[in-house]
Amino acid sequence: MKIAVIGAGAIGGLVAAYLKIKGEDVSVVTSASSLKSIQDKGIEVSGVRGVCEAALEAQEKLSSAPDLAILAVKTQDLEIALKANAKFLQSAIILTTQNGIQADQITAQFVPKENIISSIVMFGSTLNEPGRIVHNFEGSWIIGSAFGKNDSKVVEISHILNKVFPTLVAEDILGMKVLKIFVNANNCIPAILGSSMQEVFSDVEVSKISIAIWKEGLSIARGAGIKLESLPDFPLERLERLTAMPSVEAAKIFSGIMSNLSKEPLYGSILQSIKRGKLSEIDYINGELVKIAKANKLSAPLNATLTEMVHAVETSGQFFSKAELFHLTKGLVN
C-alpha cells in the first residue's frame with residue numbers, strides 16, 4: 001500500500017518514520033520550512049524506543065494518488081492541506097488523527113465520506129526541529145469509521161498501523177474522541193505558562209486547575225447529553241473518580257502522574273504550536289467544550305478563560321506567570 005503522511009510534525013513525522021522502518025512504502029508531505037531538512041537528512045526519532053532514522057521521500061504537495069493518506073496536520077491547518085492535495089485524495093483511504101471532534105466533518109467537505117476513517121492517537125511525541133522528533137511515551141492507536149459502520153477498509157488499515165502501535169478498532173469512536181478532549185484539555189496550562197508539563201504540573205496548586213477543567217467539562221458533557229466512551233489508556237471511570245475526590249487529593253494524584261509522564265520534557269500540542277509561531281488547536285479542545293456549553297445553554301467560565309489566555313499568548317508572544325494564572329482563574333477553581 002502506498003502511504004502518504006500529510007504533515008511531518010511530532011505525530012506525522014513519528015508515524016512516517018516508524019512505518020518506513022517497518023518496510024511500508026511511505027512518503028511525507030510537509031511545509032517548505034521543513035522540506036529540505038527531511039529530504040537531506042530524513043527523520044530521526046529518539047526517546048522511549050531508542051534512536052532510529054528513516055530516509056523518506058518528501059514533497060510540499062502530493063504529485064500522485066496514495067492508497068492511504070494519513071492527515072497529521074493540526075485541525076486549524078486541515079482545510080488548507082486538503083485544498084492543496086484534494087486532486088489526489090478522491091480515491092484514497094483517508095485517516096484523520098486530529099484532536100477534538102471537528103476533523104472528520106472538515107475532511108468530508110473535500111473527499112468522499114465513505115473513505116474517511118477517524119482515529120485517536122494515545123502516544124505522545126515532541127518536534128524539536130524539522131525531522132528531529134522525541135517519542136515521549138507509548139500508547140495505543142484507536143480507529144473507526146468516521147461515518148457509518150466499520151468495514152473491511154478499517155480492518156485493513158488497522159493491520160498496517162498495528163505494525164507500529166497497538167491498534168484497536170472502536171465501534172463508537174465519537175464517544176471516545178469526546179473523552180480524548182479531556183486528555184488534551186490540560187495542555188492549555190503549559191501553553192499559558194510556557195513550561196513543560198512536568199514542570200507545570202509538579203505544582204499541586206496548578207494541578208487543581210486541571211481537576212477543575214475536568215469537573216467543568218464533565219458537567220458540560222452530562223448537561224449536553226453526550227455519551228463518553230472509555231479509552232484504553234484513559235478509562236471514563238478514572239475521570240469520574242478523580243473529579244469526585246476532594247480537589248487537593250485529586251490534584252496530588254494528577255501531579256504525580258503528569259510529573260512522571262516522560263523522561264524528556266513534554267510540552268503538549270498547544271505549546272509546541274506556539275513555540276513554532278503558529279496558531280494552536282485550543283479552539284478545538286478547551287474551546288470545543290465552550291462551544292458545546294453555549295449550544296446547550298450551559299456555562300464554561302473556566303475553559304472560556306483558559307482559551308482566551310492561550311489566544312493572548314498566541315497574539316502577544318508573552319507567557320503568563322503562575323500568579324497571573326491563579327488570579328485570572330480565582331473563583332473558578334475549587
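A. How the structure looks around the nonpolar core. I189, I213, W214 and L306 are the most contacted members of the largest nonpolar core, which has 57 residues in total. In terms of residues, this core owes the most to one element, helix α9 (residues 204-223), which gives nine residues. Apart from the residues within four sequence positions on either side, L306 is in contact with C188, I192, I209, I213, L325 and T329. Membership of the second largest hydrophobic core comes to 37 residues, among which are L14, Y18, V28 and V154.

B. Expanded view of the pairing of strand β9 (residues 124-129). Two elements, β9 and strand β10 (residues 132-137), share five bridges in a ladder whose sense is antiparallel. Paired with L127 across the bridge in β10 is I133. Between β9 and β10, which follow one another and run antiparallel, lie two residues, and G131 among them has a positive phi close to 80°.

C. Broad picture of the side chain of Q98. Note on placement: Q98 falls in the loop between β7 (93-96) and α4 (103-107). Within the local environment of Q98, its side chain forms a polar contact with the backbone oxygen of V73, the two atoms lying 2.6 Å apart. Ignoring any residue separated from it by four or fewer positions in sequence, one finds Q98 in contact with L71, A72, V73, K74, T75, L78, A103, S119 and K177.

D. Representation of a negative patch on the surface within the structure. Judged by side-chain charge, D25, E57, D67 and E156 come together as a negatively charged surface patch. If you trace the backbone, E57 turns up in strand β5 (residues 57-59).

E. Local environment of the pattern of salt bridges. Evaluation of the coordinates by the stated rule reveals ten salt bridges. As a salt-bridge pair, D40 and K36 come within 2.6 Å of each other at their nearest N and O atoms. Separated by four residues within a single helix, D40 and K36 lie in helix α2 (residues 32-41), roughly one turn from each other. Exposure class is identical for D40 and K36. Each is exposed. R49 is paired through a salt bridge with E138; the nearest N and O atoms lie 2.8 Å apart.

F. Structural context of unusual backbone geometry. The residue K297 is not glycine, and still its phi comes out positive at about 55°. Tracing the sequence through the fold places K297 in the loop between α13 (286-295) and α14 (301-316).

G. Summary view of the sheet that holds strand β6 (residues 68-71). Ordered by their spatial adjacency, eight strands build an open sheet running β5-β2-β1-β6-β7-β8-β11-β12, and the pairing between neighbours is mixed. One side of each edge strand has no neighbouring strand; the edge strands of this open sheet are β5 and β12 (167-169). Looking at each pair of strands side by side, their axes are set apart by 25° on average, direction ignored. Together, β1 (2-6), β6, β7, β8 (116-121), β11 (141-145) and β12 form the strand contacts of helix α5 (residues 152-161), whose direction differs from that of β11 by roughly 165°. Of the strands in this sheet, β8 and β11 are in contact with helix α6 (residues 173-184), which crosses β8 at around 35°.

Conventions used here
- Residues numbered from 1 in each chain as written.
- Predicted model: local features only at pLDDT ≥ 70, side-chain atom pairs only at ≥ 80, totals over all residues.
- Heavy atoms only, no water.
- Core = buried A, V, L, I, M, F, W, Y, C linked by side-chain atoms within 4.5 Å.
- Buried < 20%, exposed > 50% of the residue type's maximum accessible area, 1.4 Å probe, protein only.
- Helix = DSSP H or I, 4+ residues; strand = E, 2+ residues; numbered from the N terminus.
- Contact = heavy atoms within 4.5 Å.
- Pairing = 2+ DSSP bridges.
- Polar contact = N/O pair within 3.5 Å; in protein donor to acceptor, adjacent residues only side chain to side chain.
- Patch = residues over 30% accessible without salt bridge, like charges linked within 9 Å, V, L, I, M, F, W, Y side chains within 5 Å.
- Areas by Shrake-Rupley, 256 points an atom, 1.4 Å probe, with all protein chains shown as cover.
- Salt bridge = Lys/Arg side-chain N within 4 Å of Asp/Glu carboxyl O.
- Lys, Arg positive; Asp, Glu negative; His and termini not counted.
- Charge placed at Lys NZ, Arg CZ, Asp CG, Glu CD.
- Axes fitted to C-alpha atoms, helices over the stretch in contact; angles between N-to-C directions.

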